[in-house]
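# An overview of the molecular structure
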Amino acid sequence: MPQKVKSSELSYEKPVKVTSGINHAIIMTINKKGVGKVYCWGDCSSGKIGRTPALRNRSERGLKVYSLPVREVKNVWACGNHSFYKQVTYHDNPAGYICGWGLNLDGQLGLGHFENVTTPEWVEELEGIDVVDISGGEYFSVFLASDGKVYGTGMNLYGQLGLGAQKRKVSTPELIELPEHIQKITCGDEFTYALTKQGEVYSWGSGLNYVLGNREEEDQLTPVKLASDFLGGEVALQVAAGTHHVMFLTTEPKNLLKEPVYKKKFLDRPGTSQIRI
């Protein structure tokens, strides 16, 4: 049964976003003054909850909801075993600041090193880039900028960063070559999807369980545009990925300029099935 999250710290805050990784959760709140704060709890290993509880009763302490020592937060994202937040913009950096913490053994935080981080650190390579969305698997992260460009950092063993075969992992965000303006990204455990405003879909990374939508289980080391008929003639409006599956929200092409008829399509093996809602 669902249970209410109880915390004295949340009593006077208004939750505006909830996001979760593999074994941790994050809540972003706004107080009466409009100031955003970040609360984390869950598995305390690798620094993913932004603190290191004392050894005694560490697991129990990790389940308590505590705020991070940061303020004026604009957005938060939880990935596999790591997380990011964006601070509100300042006059000296209109794009805002992206900070990350948690597991970083493959460079998934983009900080230029491969050490885990307990206290959020600024991702300097993203300075001046207006990041509007972040998604990540267990060992990598992908960033979407307001200009439609996509950047990736971390493990690239199966091509999940789309950087080709030469780089097994990177410790700072690198531009992923995509020919079109991207408006949505989502990552599974070892693969990535990107969606354009026109509903065109790109995928790359591990092809296990046919999750890339190309009817193959081969890994794709660079982004590949999926065939226009892979969703049965429908146009993708949204895409979301789980560990080893993908789900699309679609509509008929003729509905793009008017009230759409929404459908859901699930992809985890050859072929797709759909449910009208």
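A brief report on the enclosed structure follows. Predicted model, so just to flag it, every value in this text is computed and none were measured. (Residues numbered from 1 in each chain as written. Predicted model: local features only at pLDDT ≥ 70, side-chain atom pairs only at ≥ 80, totals over all residues. Heavy atoms only, no water.)

## Observations regarding the sheet that holds strand β7 (residues 97–102)
A sheet is described by the order of its strands in space; here four strands give the open sequence β5-β6-β7-β8, paired in antiparallel fashion. Two strands bound the open sheet, and with one partner strand each, they are β5 (73–78) and β8 (117–122). The average angle at which neighbouring strand axes cross in this sheet is 15°, direction not considered. (Pairing = 2+ DSSP bridges. Helix = DSSP H or I, 4+ residues; strand = E, 2+ residues; numbered from the N terminus. Axes fitted to C-alpha atoms, helices over the stretch in contact; angles between N-to-C directions.)

## Considering the nonpolar core
Of all hydrophobic cores here, the largest spans 29 residues; its most connected members are V38, F84, I98, W101, I134 and F143. Looking at this core, the elements that each hand over two or more residues are β2 (24–30), β3 (36–42), β5, β6 (82–87), β7, β9 (131–136) and β10 (140–145). No other element matches the four residues that β5 contributes to this core. In this structure, L178, C187, Y202 and W204 belong to the second largest nonpolar core, which totals 15 residues. (Core = buried A, V, L, I, M, F, W, Y, C linked by side-chain atoms within 4.5 Å. Buried < 20%, exposed > 50% of the residue type's maximum accessible area, 1.4 Å probe, protein only.)

## Focus on the pattern of salt bridges
Tallying each qualifying case throughout the model produces six salt bridges. For E180, the salt bridge is made with K225, and the minimal N-O distance between the two is 3.7 Å. Highlighted residues: E180 in the loop between β12 (169–176) and β13 (182–187) and K225 in strand β16 (residues 220–225), separated in sequence by 45 residues. Its relative accessible area of 24% is what places E180 among the partly exposed residues. With a closest N to O distance of 3.1 Å, E200 and K225 form a salt bridge. Taken together, the residues span a long stretch of sequence, with E200 in the loop between β14 (191–196) and β15 (201–205) and K225 in strand β16 at a distance of 25 residues. Its relative accessible area of 26% is what places E200 among the partly exposed residues. (Salt bridge = Lys/Arg side-chain N within 4 Å of Asp/Glu carboxyl O.)

## Details of empty space enclosed by the protein
Applying the stated rule across the entire model yields one cavity of 30 Å³ or more. Taken together, D189, E190, F191, S206, L208, V211, T243 and H244 form the lining of the largest cavity. (1 Å grid on protein atoms, 1.4 Å probe; cavity = no way out; pocket = protein on both sides within 12 Å on 5 of 7 lines; lining within 4 Å. Points joined across faces, edges and corners; volume = space filled by probe spheres on them.)

## Observations regarding unusual backbone geometry
A positive phi angle, close to 65°, is found at S46, a residue other than glycine. As for its position among the elements, S46 is in the loop between β3 and α1 (58–62).

## Brief notes about the pairing of β3
By the criterion of burial, β3 is predominantly enclosed, with seven of the seven residues buried. Side chains G36, V38, C40 and G42 of β3 all project onto a buried face; the interleaved residues K37, Y39 and W41 project onto the opposite face, where all are buried too. Counting the residues in the hairpin turn of β2 and β3 gives five residues, including G34, whose phi is positive at 80°.

## A few points about the layout of surface pockets
One water molecule sets the probe size; rolling that probe over the atoms shows where empty space is left. In this model, the largest pocket occupies a volume close to 510 Å³. Lining of the largest pocket is provided by 25 residues; of these, S20, A78, G136, C187 and A241 occupy positions nearest its centre. Within the residue set of the lining of the largest pocket, elements represented by two or more residues are β1 (14–20), β5, β9, β13 and β17 (235–241). Taken together, the residues of the lining of the largest pocket sort by class into nine nonpolar, eleven polar and five charged. Space inside the second largest pocket adds up to approximately 170 Å³. (Nonpolar A, V, L, I, M, F, W, Y, C, P; charged D, E, K, R; others polar.)

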